[in-house]
Every structure is written in structure tokens, then in C-alpha cells.
Amino acid sequence: MKKVVAIICAIFIFAFSLIGCSLKDTVAYNLKLNVSSGEVSESFDTHGGFSGDGITFVKIKFSDDSALTQIENNNIWKSLPSDKTVNDLLYGNYSDFVCDEDGNSLIPEIKNGYSLLIDKQNETLTNMLERASFNFILGIYDADTDILYFYELDT
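What comes next is a walk through the structure.

What counts as what
- Residues numbered from 1 in each chain as written.
- Predicted model: local features only at pLDDT ≥ 70, side-chain atom pairs only at ≥ 80, totals over all residues.
- Heavy atoms only, no water.
- Helix = DSSP H or I, 4+ residues; strand = E, 2+ residues; numbered from the N terminus.
- Buried < 20%, exposed > 50% of the residue type's maximum accessible area, 1.4 Å probe, protein only.
- Contact = heavy atoms within 4.5 Å.
- Areas by Shrake-Rupley, 256 points an atom, 1.4 Å probe, with all protein chains shown as cover.
- Phe/Tyr/Trp six-rings, centres within 6.5 Å; stacked < 30°, edge-to-face > 60°.
- Salt bridge = Lys/Arg side-chain N within 4 Å of Asp/Glu carboxyl O.
- Core = buried A, V, L, I, M, F, W, Y, C linked by side-chain atoms within 4.5 Å.

Glancing now at the overall build of the protein. Across its full length, the protein holds four helices and six strands. Counting helices and strands in the order they occur from the N terminus, the protein gives α-α-β-β-α-β-α-β-β-β. Counting over 155 residues, the protein shows a buried share of 37%. A separation threshold of at least 6 residues defines the contact pool for the protein, and within that pool the share at least 24 residues apart is 58%. Summing over all exposed atoms, the protein offers an accessible surface of approximately 9,300 Å²; the carbon and sulfur share of this is 56%.

Now the structure itself:
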């Protein structure tokens, strides 16, 4: 009997481990894009623990312009060069947030592309860079290389 219960428990654990969101699902949901034709070439996720703080980074390479077509037909994406807030996060005074543990930028300087910044604390009226905590999603699409960068920060 104990053996049967152990086997059933193992089956349930295995089945539930298959259920869940992939990183591509997270990107698709947050950026409102179908990214199924792209390939994840780099990623990490440090979210976890009680407070859920952490970073999610996903780099998706496309072999076609399917993502670009969606972005160009969606008015929430903005052409680069970005606004001041996005520019500060990528290359300015706040660029140390969008970097790896060695301080290297996760997103190279992109001349031809699009950006999308989602402020997850948008109920406040203050500039997001002037707050004590940062909770945002940043999408950057490089139209020259067909690479989509997704970056989420929760502090």
C-alpha cells in the first residue's frame, strides 16, 4: 500500500512540474506579443522567496519579422530613440539595474528598433525613477537583428 501511495505521489509531482509558465509565456503575456516563432537564446529568473523580488531577463531571436510586424501594428510600442526614462534605464544613470552580476549591460545599444516600458506601480503620480522601489517591465526590440529583449525588475 505504501508503495502505491508513493507511486501516485510521484506521478502527481511529475505532472504538476510540467504545468506552469515558460519564459516565452511570460514574455508573450506581459508584452502582448506572440513569440512562439522565436528561440530563447539567453535567460535567467531570480524571482522567488517571500516577497517575490527579483529579475527576469529573456533574449529571444527571431528568424523572421513576425514580432516586428506585431510591434509595428501595436501603438503601445515606441520607436527608438526612447524617451528619457527608458534611455536612463538602458544607458544612463540607472543602467546599473539592467545589467548582469558583473555590471555588463544586458541590452546593447540599439539604434533601429522599438521599446515598451510598463510601470507596474502606475497608480502613483511620481516619476518611476524617483521612487524607493522599482517594479517595471521593459521590452526592447532590435529591428536590425530581430532580437527581442525582455527585462522585468521587482524590488
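Mapped onto the elements of the fold, leucine 31 is located in helix α2 (residues 23-31). Here leucine 31 falls in the buried class, since its relative accessible area comes to 0%. Taking the C-alpha atoms as reference points, leucine 31 and isoleucine 137, 106 residues apart in sequence, are found 8.5 Å from one another.

Another aspect to go through is unusual backbone geometry. Outside of glycine, negative phi angles account for most residues, and trans bonds account for most peptide bonds. A cis amide bond links leucine 80 to the next residue, proline 81, at an omega of 10 degrees. Mapping proline 81 onto the fold places it in the loop between β3 (78-79) and α4 (84-91). Positive phi, normally seen in glycine, also occurs at lysine 32, with a value near 55 degrees. Relative to the elements of secondary structure, lysine 32 occurs in the loop between α2 and β1 (39-45).

Bringing the packing of aromatic side chains into the picture now. Each pair of aromatic rings is reported with the distance of its centres and the angle of its planes. Throughout the structure, instances matching the rule amount to six aromatic pairs. Between phenylalanine 62 and tyrosine 141 the ring centres are 6.5 Å apart and the planes differ by 55 degrees, which places this aromatic pair in the tilted class. Taken together, the residues span a long stretch of sequence, with phenylalanine 62 in the loop between β2 (54-61) and α3 (66-72) and tyrosine 141 in strand β5 (residues 135-142) at a distance of 79 residues. A network of ring pairs unites the aromatic residues Phe44, Phe57 and Tyr149 as a single cluster.

Once that is clear, we can look at the pattern of salt bridges. With the rule as written, the count across this model stands at four salt bridges. Lysine 84 is the partner of aspartate 88 in a salt bridge, and the nearest nitrogen-oxygen pair spans 2.9 Å. Here aspartate 88 and its partner lysine 84 are both found in helix α4, four residues apart, which amounts to about one turn of the helix. Here lysine 111 makes a salt bridge to glutamate 109, at a shortest N to O gap of 3.0 Å. There is no split in this pair, since lysine 111 and glutamate 109 are both exposed. Members of the salt-bridge network, linked through shared partners, are Lys120, Glu152 and Asp154.

Next up on the list: the nonpolar core. In globular proteins that are soluble, nonpolar side chains generally tend to be buried together. Formed by 20 residues in total, the largest nonpolar core has its most connected members in Leu90, Ile107, Phe136, Leu138, Ile140, Tyr149 and Tyr151. Sorting the residues of this core by element identifies β2, α4, β5 and β6 (147-154) as the ones contributing at least two each. Per-element accounting of this core gives the leading share, four residues, to β6. What tyrosine 151 contacts, discounting residues up to four positions off in sequence, is Ile55, Thr56, Phe57, Phe97, Val98, Leu106, Phe136, Ile137 and Leu138. Counting 18 residues, the second largest nonpolar core, distinct from the first, contains Ile60, Ala67, Leu68 and Tyr141.

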